[in-house]
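Examining the three-dimensional arrangement
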Amino acid sequence: GNSVTQMEGPVTLSEEAFLTINCTYTATGYPSLFWYVQYPGEGLQLLLKATKADDKGSNKGFEATYRKETTSFHLEKGSVQVSDSAVYFCALGGTGGFKTIFGAGTRLFVKA
Amino acid sequence: DSGVTQTPKHLITATGQRVTLRCSPRSGDLSVYWYQQSLDQGLQFLIQYYNGEERAKGNILERFSAQQFPDLHSELNLSSLELGDSALYFCASSPQGFLQETQYFGPGTRLLVL
């Protein structure tokens, strides 16, 4: 069946460090891929998305490229800030089956 | 602010009781989704409605039920509550209910069962 696997956290970085959070997926068809972010005490909100292979989603300095050949959608940011501390969820949708599949979430702590 | 509202924000109740969680989707969105977020299970999809009709069902227990009303708001009913039902319950909405769409999440209802 469809699934999403993302790297376990927590990830702890110093401010201005480079961030990568790995996400790989298993799916039939051609899913859309998403990164959602959950700040402390809030609901999830979309960070970025990509709807087809080789698309790059970007927002707020974060980027992820839809790689069909490696079934991956890794999240990257060149220089993290303390305000990026949150839980990040990789998700896929739009493929066989009628539910969005979320990864387990990766908690990021950024130290000043 | 996503435009999705959920009430109540917090709920404390006892085992065996029944509660109702309410969600109002973003203006113009026809589809509503319910999720449960707990520390050990992560984010679990419960159920999806589109324009009043059930569209998809996930890991929803038989003790739980939901509906979407003609004005498009939705309610999630949890009955015979157990300690393990303590969690954050999120509602999300999207325009047409297609899974390629972005889902807009509400702030959640935190349920504590004692």
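Before reading further, recall that the structure is shown in the block above.
Residues numbered from 1 in each chain as written. Chains lettered and ligands numbered in written order. Predicted model: local features only at pLDDT ≥ 70, side-chain atom pairs only at ≥ 80, totals over all residues. Heavy atoms only, no water.

Let's talk about the pattern of salt bridges
Our working rule: Just to be clear on terms, a salt bridge is a Lys or Arg side-chain nitrogen sitting within 4 Å of an Asp or Glu carboxyl oxygen. Working definition: with a 1.4 Å probe on protein chains only, accessible area under 20% of the residue-type maximum means buried, over 50% means exposed, and in between means partly exposed.
By the definition in use, this model includes seven salt bridges over all chains. Where A:E63 meets A:K56, a salt bridge forms, and the shortest distance between an N and an O atom there is 3.6 Å. Given the relative accessible area of 51%, A:K56 is considered exposed. B:R26 is the partner of B:D29 in a salt bridge, and the nearest nitrogen-oxygen pair spans 2.8 Å. Taken together, the shared-partner salt bridges connect B:R63, B:E82 and B:D85 into one network.

Focus on the sheet that holds strand 8 (residues 62–65) of chain A
Residue and element names in this part refer to chain A. Under the convention used in this document: Two strands make a pair as long as DSSP finds a minimum of two bridges between them. Put simply, DSSP marks the helices as runs of H or I at least four residues long and the strands as runs of E at least two long, and each gets a number from the N terminus on. Throughout, an axis means a line fitted to C-alpha atoms (over the contacting stretch in the case of helices), and angles, computed between N-to-C directions, take values from 0 to 180 degrees.
Overall, antiparallel pairing links the four strands, which are arranged 3-9-8-7 in an open sheet. Each end of this open sheet is capped by a strand with a single partner; those strands are strand 3 (19–21) and strand 7 (56–59). Along the sheet, successive strands turn relative to each other by an average axial angle of 15°, direction set aside.

Observations concerning the pairing of strand 8 (residues 74–78) of chain B
All names here are of chain B. Across the five residues of strand 8, five count as buried, placing the element largely inside the fold. Burial of the side chains of strand 8 extends over both faces: S74, L76 and L78 are buried on one face and E75 and N77 on the other. As defined by bridge partners, strand 3 (residues 19–24) adjoins strand 8 across five bridges and the pair is classed as antiparallel. Residue R22 lies in a different strand from strand 8, and its bridge partner there is E75.

Observations concerning the nonpolar core
Cut-off, in case you're wondering: The term nonpolar core refers to a set of buried residues drawn from Ala, Val, Leu, Ile, Met, Phe, Trp, Tyr and Cys, joined through side-chain atoms within 4.5 Å.
A:L19, A:W35, A:L47, A:L48, A:F73, A:L75 and A:Y88 are the most contacted members of the largest nonpolar core, which has 27 residues in total. Contributing elements (two or more residues each) for this core: strand 2 (11–14), strand 3, strand 4 (23–26), strand 5 (32–38), strand 6 (44–50), strand 8, strand 10 (86–93) and strand 12 (106–111) of chain A. Of all hydrophobic cores here, the second largest spans 21 residues; its members include B:C23, B:Y89, B:C91 and B:L111.

Some remarks on the pairing of strand 5 of chain A
Residue and element names in this part refer to chain A. Most of strand 5 sits inside the fold, with seven of its seven residues counted as buried. The side-chain alternation of strand 5 yields two buried faces, one formed by S32, F34, Y36 and Q38 and the other by L33, W35 and V37. Relative to strand 10, strand 5 runs antiparallel, the two being bridged by seven bridges. Pairing of V37 across the sheet is with Y88, part of strand 10. Pairing between strand 5 and strand 6: six bridges, direction antiparallel. In the sheet register, L33 faces strand 6, and the bridge partner there is A50.

Treat this as a map of the structure, not an account of what it does.
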